[in-house]
Amino acid sequence: MALAEQLVTVGAVLAGAAGSYFTTRLTERDRFARDLRVRWDAHRLDSYVAYVAAVKHVNRCTQQIFGLQWDGGDPAAREPLLAEMKAAEGDRSHAFEQVILLGDAGTVQAAHDLNERLWQLERPARGVEEITEDVWRERANAWLVALNNFHSHARRNLGISGEPARRDVVPPTRASAD
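Notes on the structure follow. This one's a predicted model, so the numbers in the text were calculated from it and none came from an experiment.

A few words on the overall build of the protein. The helix and strand inventory of the protein stands at four helices and zero strands. The proportion of buried residues among the 178 residues of the protein is 31%. Long-range pairs, those at least 24 residues apart, make up 74% of the contacts in the protein between residues at least 6 apart in sequence.

Turning next to the packing of helix α2 (residues 78–102) against helix α3 (residues 105–125). Two numbers describe how α2 lies on α3: the axes approach to 12 Å, and their chain directions differ by 170°. Overall, the two elements α2 and α3 adopt an arrangement that is roughly antiparallel. Seen from above, α2 lies across α3 with left-handed handedness. On the side of α2, the interface is formed by Arg78, Leu82, Met85, Glu89, Arg92, Phe96, Val99 and Ile100, while α3 contributes Val108, Ala111, His112, Asn115, Leu118, Trp119, Glu122, Pro124 and Ala125.

For the coordinates displayed, the defined rule picks out six salt bridges. One salt bridge connects Arg44 with Asp41, and the closest N-O pair in it is separated by 2.5 Å. On the criterion of helical spacing, the pair formed by Arg44 and Asp41 is a turn pair, its members being three residues apart in helix α1 (residues 2–71). Residue classification places Arg44 among the buried positions, given a relative accessible area of 15%. Under the relative-accessibility criterion, Asp41 is labelled partly exposed at 29%.

About the thresholds
Residues numbered from 1 in each chain as written. Predicted model: local features only at pLDDT ≥ 70, side-chain atom pairs only at ≥ 80, totals over all residues. Heavy atoms only, no water. Helix = DSSP H or I, 4+ residues; strand = E, 2+ residues; numbered from the N terminus. Buried < 20%, exposed > 50% of the residue type's maximum accessible area, 1.4 Å probe, protein only. Contact = heavy atoms within 4.5 Å. Axes fitted to C-alpha atoms, helices over the stretch in contact; angles between N-to-C directions. Parallel < 35°, antiparallel > 145°, perpendicular 65-115°, else oblique. Left-handed = near helix turned anticlockwise from the far one by under 90°. Salt bridge = Lys/Arg side-chain N within 4 Å of Asp/Glu carboxyl O.

The following block contains the structure:
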């Protein structure tokens, strides 16, 4: 009997050790998965912020170029703005690649749409296309709608609850930066 009791005791100890091992392993696996999600969410947030900053920089340049054109500003000021816009477009392209790598399908599509709306403002600013001030306002409004849409998708992808603050779509003034 003593041997049977010892075997039962050893079996209970082994079962307890195995249970403890598996519980710890599952807990560590869950912690690792949670830490990994937090880390990728932080990278995703950084990439979305960099992308929006670059998009807005290109947009500000287009607004300043159109402001010069329509307000009779110094034509010599156009060239530095075009150079700045070209550099900002490079930043936008780089940031967009990060969005593609880290974003979900809806956010990436919203970024594609935002890019297209931005290019509709950028082409005439570079002198590739002539547009009227009214057409520019329509395109600027479409750009704002696309920006709002990107923010909505990015927030959803990051798990941020609630409705995002949206920019009102109104005829923009040439002095506005958004």
